Amino acid sequence: MTVFSTCHKVIGKQYIALSLFSVFIGIFLSLVMRYHLVHPDTKVKLFQLLWPDGAPGGQMTPELYLSLMTMHGTIMVFFVLTTTPQSGFGNYFLPLQIGAPDMAFPVLNMLSFWTTALSLLTLLAAFFVEGGAPLSGWTAYPPLSGLGKITGPGQGLGQDLWILSIALFCVASLMAAINFIVTIIELRAPGMGYFDMPLTCWGWFVTALISLFAFAVLLPGGVLLLLDRLAGTSFFIPGGLIVNDQVQTRSGGSPLLFQHLFWFFGHPEVYIAILPGMGLISTVLSVFSGKRVFGYKAMAIAMLAIGGLGFVVWGHHMFISGMSPYSSIAFSVLTLAVGVPSAVKTFNWLATLWGGRLRFTAAMHYALGFVSLFITGGITGLVLGQPGLDVYFHDTYFVVAHFHLIMGVAAVFAIFAGLHYWFPIMYGRFLNEQLGKLHFFLTFAGVYALFVPLHFAGFVGNPRRYPDFKEYEFLKSVMPLHIGVTHAAYFLAAVQLLFLFNYLWSKRRGALAPANPWGAATREWRND
Amino acid sequence: MTNVARSAQVLLIAASSMLFAAFTSAMVVRRGIGGDWAAPPLPAWVLPTILFAPLASWLLHQRRVKPAMAAGAALVAAQIALLAHFRMAVIGEAFCAVLIAVHALHAAAGVLALGRFGASAAIFWHFVGLLWIYVLFLFGVWA
Ligand code: HEM
Ligand SMILES: [Cu+2]
């Protein structure tokens, strides 16, 4: 296995390794944040050691909190949720499942991976430059992100590196998207029609189509933002701004323009994270029910519908931006319409289980967990999709709860399901089943304990992206809830070590797997 | 040309079109709400470069790859010279500079692709020509 390999299997594993590395950084950052939220005044030696400027004497500054939040979100969204389900699993298994010798462009594939790796390094470098990591969140709204150092530590070089990293990620994703689509269109085995492909391939296909159009819009957004910072343009910077008592000279730009560009990418991005998981879950549920997927064609079409509708709903992230109420209604109706194909998928999953001979393997547990989380997180989406309710809930912990359940955790459950399911192909061994199930139950309990209470914090109007709640009288009542949530977070993070151990141990010592241990019908089990 | 090469180029064109659509819509919005729009001044010698598209496509049609590459390189050189004309602090000129620079990247990529893949890269090459007409129209007429 060479470092600059062009073999799709090696590249798939490289993407997964990159994600695994990233996810533990992301988890660590989240623990630091959760700790700080319930102990805002405690001085911590470790913080001072890691961030001498951000935590002088061990006392975390509000700016440091925001920079941790930015890096947590960016790492998780781009380098975990966008990377493993699509680029990791997709590279490894797409060619096997459609009977292709490799991806259509192996060298391009290798370049995509290394561009992604460079993008990650660029992002992490932001921690080590003067001022540290940027503060403006994974959404990087200007003017905060557009004016440079004056808006805070981390808003200098740190924010430049962030934008550069995202631009590199866009380029890598565009190359990967072209590779995936060409592979599916041109390299299917003779006689295999589109509707003969496993639903996993449909998931990767639709995701690649979405990536092709979404990243092509984020890239211009990033370029224009970088120019606002470095070349003195005013694409997004409005006139009359006074920052830290200094009048800004730029004028005429529109921060809302950036929001439109960002969310035109951002909403499809959430489907980029979840669609490969949907495909995978369909397969796992069907294999372990001993039945074919119920309504195969409807499932494939529902994915296309979700992907297509995903491009016309971005305004639901901007209901409070002052848009015309008529636009709000249009975006709201379209948003709620996404519920239809989503429900088609959910009911078809249930129908796939119905009357089946269920085998409760670890992968099956995660797949069922995925369905549960998809429903819990999806229902709050329908709440947020209504402007009247969203005006209240926007920028509260209710949104944090919504997207963590559906995007964060559901997609991660799909990753766990996929790793348990395909481990025999990837390493010739099983992940330990007992340990896997134990990890499932603890994680499942942990995520519900962590994220369900956050909805209630949202009811109270608890804003997100605030480093210290005790400054606000009306938030006193939610502090006990936050203490509970923080403990759930510790628990959840600790439990992940079980998985890490299982993964590393089983790679070398796990029980040897026979050729097709689950009795699956798709090609990847024949080829190997 | 293989099917793989054709599909890849069609997809690349789709992505590039999306990219230019995003820049264009940003420009439309920014022009509409900024209240500080002024048409970017284009030097007169830009006009003849509109002939690049038919010339480049015709050359390739004649299978004259090297001259087509030379035409592309000449266009990129002209575009780089053009960039010096714009002041980034003036919004119309900034958009003009950005779109020309992004087009120059496409044209340079097209030249490299011709060098590497010869006439197989024709579809992308025609697209680069058309795109240049679009950019000229955008700033010469619309803006
Ligand atoms: C029927 C399905 C869904 C509906 C109606 C829906 C609706 C919404 C709405 C209206 C918001 C904006 C809330 C606000 O900022 O005030 C939102 C935020 C969000 N949703 Fe969903 N959603 C759905 C499914 C999903 C899925 C499947 C994912 C990911 C896999 C997802 C991920 C997110 C994320 C990440 C955010 C927050 C982004 C941010 O502000 O940082 N949603 N959703
Ligand atoms: Cu959305």
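Cut-offs and rules
Residue positions are given per chain, counting from 1 as you read along its sequence in written order. In the order they appear in the text, chains get letters beginning with A and ligands get numbers beginning with 1. With the structure being a predicted model, the display of local features is reserved for residues of pLDDT at least 70 and the display and counting of side-chain atom pairs for 80 or more, all residues being used for whole-chain, interface and lining totals. Side-chain numbers here rest on the full set of heavy atoms in the structure, without hydrogens or water. Strands are runs of DSSP state E lasting at least 2 residues, helices are runs of H or I lasting at least 4, and numbering of each runs from the N terminus. Burial classes: relative accessible area under 20% of the type maximum marks a residue as buried, over 50% as exposed, and values in between as partly exposed (1.4 Å probe, protein chains only). Residue contacts follow a heavy-atom distance rule, with two residues in contact if any of their heavy atoms lie within 4.5 Å. Surface exposure here means Shrake-Rupley accessible area, sampled with a 1.4 Å probe, where a residue is shielded only by the protein chains that are shown. Pairs were defined over the aromatic rings of Phe, Tyr and Trp, the Trp ring being its six-membered one, requiring ring centres within 6.5 Å. Orientation was assigned from the angle between planes: stacked under 30 degrees, edge-to-face over 60, tilted for the rest. Ligating atoms shown are N, O and S within 2.8 Å of the metal, or 3.2 Å for Na, K and Ca, and water is not included, meaning a site may look less than complete. A helix is expected to span 1.5 Å multiplied by its residue count minus one. Across the chain, bend at a residue is computed as the angle between axes fitted to the seven residues ending at that point and the seven starting from it. Salt bridge, as used here, is a side-chain nitrogen of Lys or Arg placed within 4 Å of a carboxyl oxygen of Asp or Glu. Residues are classed as near a molecule or strand on a simple rule: at least one heavy atom within 4 Å of it. For the purposes of these results, a polar contact is taken to be a pair of N or O atoms within 3.5 Å, where, inside protein, one atom must be able to donate a hydrogen and its partner to accept one; residues adjacent in sequence count only when each atom of the pair is a side-chain atom. Three categories are distinguished: nonpolar for Ala, Val, Leu, Ile, Met, Phe, Trp, Tyr, Cys and Pro, charged for Asp, Glu, Lys and Arg, and polar for the others, with Gly belonging to the last.

Trainee: Sorry, what's going on with the overall build of chain B here?
Mentor: A tally of helices and strands in chain B yields 5 helices and 0 strands. Counting from the amino terminus, chain B carries its helices and strands in the arrangement α-α-α-α-α. Out of the 143 residues belonging to chain B, those deemed buried represent 50%. Put simply, of all contacts in chain B between residues at least 6 apart along the chain, 76% involve residues at least 24 apart. Carbon and sulfur atoms make up 71% of the accessible area of chain B, which amounts to about 6,500 Å² in all.

Trainee: Any chance you could explain the packing of aromatic side chains here in plain terms?
Mentor: Remark: the centre distance and the inter-plane angle together describe each pair of aromatic rings, the angle taken between the planes. Residues and elements named next belong to chain A. Counted under the stated rule, the structure contains 64 aromatic pairs over all chains. With a centroid separation of 5.7 Å and 55° between ring planes, the pair formed by Y421 and W422 is classed as tilted. Comparing Y421 with W422 shows no difference in burial state: the two are buried. A ring pair is formed by F501 and W505, whose centres lie 6.4 Å apart and whose planes are at 20°; its orientation type is stacked. You can see F501 and its partner W505 sitting in helix 16 (residues 479-509), 4 residues apart, about one turn around the helix. Classification of W505 by relative accessible area gives partly exposed; the value is 35%.

Trainee: Any chance you could explain the coordination of the iron atom of ligand 1 here in plain terms?
Mentor: For a metal with four tetrahedral donors the ideal donor-metal-donor angle is 109.5 degrees, while six octahedral donors give ideal angles of 90 or 180 degrees. There is one protein donor for the iron atom of ligand 1, namely H402 of chain A (NE2), at 2.1 Å. The distance between the iron atom of ligand 1 and the copper ion (ligand 2) comes to 4.5 Å.

Trainee: Can you walk me through helix 4 (residues 83-98) of chain A in this structure?
Mentor: Because the α-helix completes a turn every 3.6 residues, residues three or four places apart line up on one side. Residue and element names in this part refer to chain A. Taking 1.5 Å per residue, 16 residues should reach 22 Å; helix 4 reaches 21 Å between its end C-alpha atoms and fits that length. Largest kink in helix 4: about 55°, centred on G90. Among the 16 residues in helix 4, 16 count as buried, and that is most of the element. Trailing helix 4 by a residue or two, G99 shows a phi angle of about 75°, which is positive.

Trainee: Which parts of the structure should I look at to understand the coordination of the copper ion (ligand 2)?
Mentor: Donor atoms from the polypeptide that bind the copper ion (ligand 2) are H267 of chain A (ND1), H316 of chain A (NE2) and H317 of chain A (NE2), placed at 1.8 to 2.1 Å. Site description for the copper ion (ligand 2): donor spacing in sequence, H-x48-H-H.

Trainee: Explanation requested: the pattern of salt bridges in the structure shown.
Mentor: Between side chains of opposite charge, pairing is possible as soon as their charged atoms come close. Residues and elements named next belong to chain A. Scanning the entire structure with this criterion turns up 8 salt bridges over all chains. When the shortest N-O distance is used, the salt bridge between D395 and R464 registers 4.0 Å. A residue pair is termed long-range when its members are at least 10 positions apart, and D395 in the loop between helix 13 (387-393) and helix 14 (397-427) and R464 in the loop between helix 15 (433-460) and helix 16 qualify at 69 residues. Residue classification places D395 among the partly exposed residues on the basis of a relative accessible area of 36%. Using a relative accessible area of 15% as the deciding quantity, one classes R464 as buried. Through salt bridges with shared partners, one network takes in D41, D468, K470 and E471.

Trainee: For this particular structure, what's the right way to read the site of ligand 1?
Mentor: Residues and elements named next belong to chain A. Neighbouring residues of ligand 1: 20 residues in total, closest W138, D390, H394, H402 and R464. In the model, an oxygen atom of ligand 1 is placed 2.4 Å from a nitrogen or oxygen of the D390 side chain. Between ligand 1 and R464 there is a distance of 2.9 Å, counted from an oxygen atom to a side-chain nitrogen or oxygen. Breaking the shell around ligand 1 down by element, the ones donating at least two residues are helix 8 (255-287), helix 12 (362-384) and helix 14. A total of 5 residues in the shell around ligand 1 trace back to one element, the largest contributor, which is helix 14. Grouping the amino acids of the shell around ligand 1 by side-chain chemistry returns 11 nonpolar, 7 polar and 2 charged.

Note that every value here comes from positions in space, so none of it alone points to a role or purpose.
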